[in-house]
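So the chains spell out like this:
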Amino acid sequence: MAPTSYRPEPAAAWPQGTPPALRAALAALLLATAPSAQSAAFSVGAGGGAYHGTIDLGCDDLEINGPLDAAGATFTGVGHVRIGAAGSIAAAGARIELGAGWHNAAGLGGLSGAGSTVALVNRCSNGGTTDITGSTTFSNLSAAQAGQTIRLAAGSEQQVNGTLTLSDVALQGQAGTAFLTLLPGGVQQIGTVTVAGVDASRGQRLSPSGQNGPGGGSAPGWFAPPSAQTVVAVPTVGEWGVVLLSALAGLLGARQLRHRHHARVR
């Protein structure tokens, strides 16, 4: 029977005298051999662990407080992903589908692994809203379900070095400007989006052929840049040109004086 809860045992739970190397090996074995599961929780303690299977958390949270080797794993039905300050996910080729929030207190090193995908989906979201706090470098980041609102914490920066997919979603910086950066070499697949308070100017321009959706606001680095104003050059003349113009003005003046003189004589 599939387990209803999956929580790797902390080191303190092992029998006294168990060698540390054996504890780590047994914890990794427990995680790696767990079957696909409909689970109520998944947490990793400071001792870390490994998991390479498929698990549905049923909208519970993925709590990472130590190093987790999750290469090739699939996590679906995740409510919140919470990466503690000492946590990390090595997620090469993995997929994580979450709804309520992504919270990374470990900084840009909290997630690593080429080919991993973090997908923000409506399932398990808070009324269609997903909150993102902390700064993370994603391989692939996707939010493409109509009606989603992605709220990014002010000052945070979400970097993407693979594919950034956005469609029919709203992105909002919360209580200040947040940053979304598509790094050089990254690919964008962006449809209709509404952006307010999310700055993309640190990386590639996002949706350069699109336009901000209704209700959008500040969006540096997004959409087509403002059209350059047409500037008409004013012709200038050099020093000899000034002399020539002065001479022509003098000749015209003299001609007018002669005309006036002849008119009085007549």
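Residues numbered from 1 in each chain as written. Predicted model: local features only at pLDDT ≥ 70, side-chain atom pairs only at ≥ 80, totals over all residues. Heavy atoms only, no water.

Participant: Mind showing me how you'd approach the overall build of the protein chain here?
Facilitator: Each helix and strand in the protein chain was counted, giving 2 helices and 22 strands. Of the contacts made within the protein chain by residues no fewer than 6 positions apart, 29% connect residues no fewer than 24 positions apart. Total accessible area computed for the protein chain in this model is approximately 13,600 Å², and 58% of it derives from carbon and sulfur atoms. (Helix = DSSP H or I, 4+ residues; strand = E, 2+ residues; numbered from the N terminus. Contact = heavy atoms within 4.5 Å. Areas by Shrake-Rupley, 256 points an atom, 1.4 Å probe, with all protein chains shown as cover.)

Participant: Before we go on, may I ask you to explain the sheet that holds strand 10 (residues 111-112) in this structure?
Facilitator: Adjacent strands of a sheet form backbone hydrogen bonds with each other and so pair up, either parallel or antiparallel. Sheet architecture is open: 4 strands sit in the order 3-6-8-10, paired in parallel fashion. The open sheet has two free edges, formed respectively by strand 3 (49-50) and strand 10, since each of these has just one partner strand. As paired elements, strand 6 (residues 67-69) and strand 8 (residues 88-90) share 3 bridges and run parallel to each other. Considered in strand 8, the bridge of Pro-67 is made with Ser-88. (Pairing = 2+ DSSP bridges.)

Participant: I'm lost on unusual backbone geometry in this one. Help?
Facilitator: Note on backbone geometry: most residues besides glycine have negative phi, and most peptide bonds are trans. Its identity as a non-glycine residue notwithstanding, Cys-124 has a phi of 75 degrees, on the positive side. By relative accessible area, which is 16% here, Cys-124 ends up buried. (Buried < 20%, exposed > 50% of the residue type's maximum accessible area, 1.4 Å probe, protein only.)

Participant: Honestly, the sheet that holds strand 16 (residues 157-160) in this entry has me stumped. Any pointers?
Facilitator: Read from one edge of the open sheet, 4 strands run 13-16-19-22, paired in parallel fashion. Across the chains shown, the open sheet's two edge strands, defined by having one partner strand only, are strand 13 (136-138) and strand 22 (198-199). Here 4 bridges tie strand 16 to strand 19 (residues 178-182), and the two strands are oriented parallel to one another. Pairing of Val-160 across the sheet is with Leu-182, part of strand 19.

Participant: When you look at the side chain of Gln-159 in this model, what are you seeing that I'm missing?
Facilitator: Its location among the elements puts Gln-159 in strand 16. Excluding residues that lie within four positions of it along the chain, Gln-159 makes contacts with Leu-108, Thr-136, Thr-137, Phe-138, Thr-181 and Leu-183.

Participant: What is the right way to look at the pairing of strand 9 (residues 95-104) in this model?
Facilitator: Along strand 9, 8 of the 10 residues are buried, which leaves the element largely enclosed by surrounding structure. The pairing of strand 7 (residues 74-83) with strand 9 spans 7 bridges and is classified as parallel. In the strand pairing of strand 9, Thr-74 is matched with Arg-95. By the bridge criterion, 4 bridges tie strand 9 to strand 11 (residues 117-120) in an arrangement that is parallel.

Participant: Would you take a moment to explain the side chain of Ser-207 for this structure?
Facilitator: Within the secondary structure, Ser-207 is located in the loop between strand 22 and helix 2 (239-265). Every residue in contact with Ser-207, bar those within four places of it in the chain, is listed here: Gln-188, Ile-190, Phe-223 and Ala-224.

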